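Topology and contacts: notes
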Amino acid sequence: MKKILSAVIAFAAVAAIATAKPKTVTLKVGATPEPHAEILKLVQKELKSQGIKLKIVEFTDYVTPNKALEDGQIDANYFQHLPYMESFNKEQGTHLVNAGGIHIEPIALYSRKIKSLNELSDGAKIGVPNDPTNEGRALLLLQSAGLITLKAEAGITATPLDIVSNPKNLKFTEVEAASVPRILPDVDAAVINGNYAIPAGLNASKDGLFVEGADSPYVNVVAVKAGHENDEAIKALVKVLKSDTVRNWIQKKYPNGDVIAVF
């Protein structure tokens with residue numbers, strides 16, 4: 001009787017192990033709404049099948065998601081390009097690293113008042129982001145458009161103080177990147193980041209007076225705190241973000257090149 005009872009218990013134990021569900025890991029990832037959060041939603045189901053519950057935490061600015069990552073409130077974020085992350089680390093003393101590059105969002109110069117660069121009047125007001133790398137990126141775009149010339153050594157952290165030639169005597173309104181679309185009606189033109197232009201209904205190829213080239217070095221990355229870039233859940237996230245499913249979705253959703261996959 002004891003042998004039978006022992007056999008039953010052993011069988012039950014084996015059956016319990018066989019039918020036990022694998023442990024689910026929760027991965028909190030911060031993102032700005034579009035396209036980042038939308039892309040993350042696309043891979044939630046695939047990650048779930050791998051035992052990873054992807055929780056998307058949306059932010060509407062560039063500072064909070066990096067501080068949240070540094071403080072351990074989230075496990076990763078997906079909203080920023082590499083130069084911004086590196087500049088943020090330097091200025092804020094954070095320890096964020098690139099776990100994988102996913103896409104580029106070309107920035108562009110937009111206007112509600114004019115239809116071409118030639119229509120910019122003398123003394124025109126131009127809105128630009130006020131954070132170091134995005135302002136530098138905006139000014140480099142304006143230089144590529146032939147509107148200004150910067151000091152040769154200015155680079156990606158250029159500010160209006162680095163302008164050495166300004167034939168149209170352009171005036172710059174510097175505001176937080178997220179606020180640039182809101183001031184567009186109040187300025188003659190503005191340089192707007194892709195993830196803020198898209199929700200504002202702006203299309204770079206259709207509405208942009210001048211658009212950044214597709215060879216832009218400003219790749220949007222999955223950022224993590226140093227030491228976590230090889231965590232299994234992070235590697236799984238990056239892998240699904242670099243899938244054909246995501247590439248095809250980006251090409252279909254943004255056929256005009258507002259978002260370009262880099263993998």
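This section reports on the structure supplied with the text. (Residues numbered from 1 in each chain as written. Predicted model: local features only at pLDDT ≥ 70, side-chain atom pairs only at ≥ 80, totals over all residues. Heavy atoms only, no water.)

This part is about the side chain of Ser179. Take Ser179: it is sitting in the loop between strand E9 (171-175) and helix H6 (180-183). Of note is the side chain of Ser179, whose polar atom sits 2.9 Å from the side chain of Arg182. (Helix = DSSP H or I, 4+ residues; strand = E, 2+ residues; numbered from the N terminus. Polar contact = N/O pair within 3.5 Å; in protein donor to acceptor, adjacent residues only side chain to side chain.)

The next thing to look at is a positive patch on the surface. A cluster of basic residues, Lys28, Lys48, Lys53 and Lys55, forms a positive patch on the protein surface. Structurally, Lys28 is set in strand E1 (residues 25-31). On the basis of relative accessible area, Lys28 is assigned to the partly exposed category, the value being 32%. (Patch = residues over 30% accessible without salt bridge, like charges linked within 9 Å, V, L, I, M, F, W, Y side chains within 5 Å. Areas by Shrake-Rupley, 256 points an atom, 1.4 Å probe, with all protein chains shown as cover. Salt bridge = Lys/Arg side-chain N within 4 Å of Asp/Glu carboxyl O. Lys, Arg positive; Asp, Glu negative; His and termini not counted. Charge placed at Lys NZ, Arg CZ, Asp CG, Glu CD. Buried < 20%, exposed > 50% of the residue type's maximum accessible area, 1.4 Å probe, protein only.)

A separate point is the pattern of salt bridges. If charged atoms from side chains of opposite charge come close, those side chains can pair. Under the definition given, this model contains seven salt bridges. The closest approach of N and O atoms between Arg247 and Asp244, which form a salt bridge, is 2.5 Å. A residue pair is termed a helical-turn pair when its members lie 3 or 4 positions apart in one helix, as Arg247 and Asp244 do in helix H10 (residues 244-253) at three residues. Residues joined by salt bridges that share partners form a network here, namely Glu38, Lys41 and Glu58.

Take the environment of Val238 next. Among the secondary structure elements, Val238 is positioned in helix H9 (residues 232-241). Between the C-alpha atom of Val238 and that of Ala204, which follows or precedes it by 34 residues, the distance is 27 Å.

On to the sheet that holds strand E5 (residues 108-110), then. Here five strands make up an open sheet; going across it, the order is E9-E6-E10-E5-E11 and the pairing mixed. Each of the sheet's edge strands pairs with one partner strand only, and the pair in question is E9 and strand E11 (210-211). Relative to E11, E5 is paired through two bridges, and the arrangement is antiparallel. Across the sheet, the residue bridging to Leu109 is Phe210, located in E11. Sitting on the sheet, helix H5 (residues 132-144) touches E5, strand E6 (125-129), E9, strand E10 (189-192) and E11, and the angle it makes with E6 is about 140°. (Pairing = 2+ DSSP bridges. Contact = heavy atoms within 4.5 Å. Axes fitted to C-alpha atoms, helices over the stretch in contact; angles between N-to-C directions.)

Moving on, we come to unusual backbone geometry. Among all residues except glycine, the phi angle is most often negative; among peptide bonds, the trans geometry is most common. Note the cis peptide between Glu34 and Pro35, where omega equals 5°. Relative to the assigned elements, Pro35 resides in helix H2 (residues 33-49). With phi around 55°, Asn169 is a residue other than glycine that occupies positive phi space. Note on placement: Asn169 falls in the loop between strand E8 (163-165) and E9.

Their axes nearest at 10 Å, the elements H2 and H10 cross at an angle of 135°. Taken together, the axis directions place H2 and H10 in an arrangement best described as oblique. For the element pair H2 and H10, the recorded crossing hand is right-handed. Each of Glu34, Glu38, Ile39, Leu42 and Val43 in H2 lies in contact with H10, whose residues at this interface are Thr245, Val246, Trp249, Ile250 and Lys253. A per-class count over the contact of H2 with H10 returns six nonpolar, one polar and three charged. (Parallel < 35°, antiparallel > 145°, perpendicular 65-115°, else oblique. Left-handed = near helix turned anticlockwise from the far one by under 90°. Nonpolar A, V, L, I, M, F, W, Y, C, P; charged D, E, K, R; others polar.)

Moving on, we get to H9. Count 3.6 residues to each turn of an α-helix, and residues three or four apart come out pointing the same way. In terms of residue burial, H9 counts as a mostly covered element, since seven of its 10 residues are buried. Taken as a whole, H9 has its buried residues at Ala233, Ile234, Ala236, Leu237, Val238, Val240 and Leu241.

Another aspect to go through is the side chain of Asn193. Relative to the assigned elements, Asn193 resides in the loop between E10 and helix H7 (194-197). Take Asn193: its relative accessible area is 5%, and that puts it in the buried class. The residues touching Asn193, leaving out its near neighbours within four places in the chain, are Tyr62, Ile107, Pro129, Asn134, Arg137 and Ala177.

Taken as a whole and judged by the stated rule, the model has six aromatic pairs. Look at Tyr84 and Phe88: their rings are 6.0 Å apart centre to centre, the planes differ by 40°, and that puts the pair in the tilted class. With Tyr84 and Phe88 both in helix H4 (residues 82-92), this residue pair falls four residues apart, about one helical turn. There is no split in this pair, since Tyr84 and Phe88 are both buried. Through a chain of ring-to-ring contacts, three or more aromatic side chains come together here, namely Tyr62, Phe79, Tyr84, Phe88 and Tyr196. (Phe/Tyr/Trp six-rings, centres within 6.5 Å; stacked < 30°, edge-to-face > 60°.)

With that out of the way, let us pick up the pairing of strand E12 (residues 219-225). On a regular strand, each side chain points to the face opposite its neighbour's, so the side chains alternate between the two faces of the sheet. With respect to burial, E12 is a largely interior element, five of its seven residues being buried. In this sheet, E12 lies alongside strand E3 (residues 76-81) in antiparallel orientation, the contact comprising three bridges. Within E12, the position partnered with His81 by the bridge is Asn220.

Nothing here speaks to function; it is geometry throughout.
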